[in-house]
Amino acid sequence: MNDHRVLATVEDTEALGREIAEQLQAGDLVILDGPLGAGKTALTRGIAAGLGVQGRVSSPTFIIARQHRAGAHPGAVALVHVDAYRLGGDLDELDALDLDTDLDHAVVVVEWGLGVAEHLADRHLRIQLRREPESDVRTAEWEWVAAT
């Protein structure tokens, strides 16, 4: 992995998301990987804040995907937030969401997307989140990965 960060608080996780958002533009795919409670949604909230999207960001677990429109300020980019957990690796269901169409106009963040969503773009930002056992401390590692 290219970069690594220890995240002691939820605020640290959201701050990292805002930093990462500075590198993102419409057309980028971000794949988040990590166990339950690792901070995937908190990181996405930070990315959303950094992109300047409208609306509250929460886990899209039960609806699978949420779209957040770009804010009114210059440089704001739309966000599509996907939770692939319930898809269980079903590529047909993921393809039915037409995320490749959204990629042209938004940043697409896919929780639980490792091994499922990589085919959506020529490259993606892979972020691995981990939670220390019996602790609130999390770590994040991230790198840009070219499609194979």
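About the criteria used
Residues numbered from 1 in each chain as written. Predicted model: local features only at pLDDT ≥ 70, side-chain atom pairs only at ≥ 80, totals over all residues. Heavy atoms only, no water. Helix = DSSP H or I, 4+ residues; strand = E, 2+ residues; numbered from the N terminus. Contact = heavy atoms within 4.5 Å. Buried < 20%, exposed > 50% of the residue type's maximum accessible area, 1.4 Å probe, protein only. Phe/Tyr/Trp six-rings, centres within 6.5 Å; stacked < 30°, edge-to-face > 60°. Lys NZ or Arg CZ within 6 Å of the ring centre and 35° of its normal.

Here we take up the side chain of Lys40. Topologically, Lys40 is positioned in helix 2 (residues 40-51). If we skip the residues at most four places from it in the chain, Lys40 touches Leu32, Asp33, Gly34, Pro35, Glu111, Trp112 and Leu129.

Here we take up unusual backbone geometry. Backbone geometry places Trp112, a non-glycine residue, at a positive phi of 60°. By secondary structure assignment, the location of Trp112 is in the loop between strand 5 (106-111) and strand 6 (123-131). Note on Trp112: relative accessible area 22%, which makes it partly exposed.

This part takes up the packing of aromatic side chains. Within the structure shown, the criterion is met by zero aromatic pairs. In this arrangement the basic side chain of Lys40 is found over the ring face of Trp112, its NZ or CZ atom lying 4.2 Å from the centre. Lying across the ring of Trp144, Arg123 places its NZ or CZ 3.8 Å from the centre.

Scope: geometric values only; no functional claims are made or implied.
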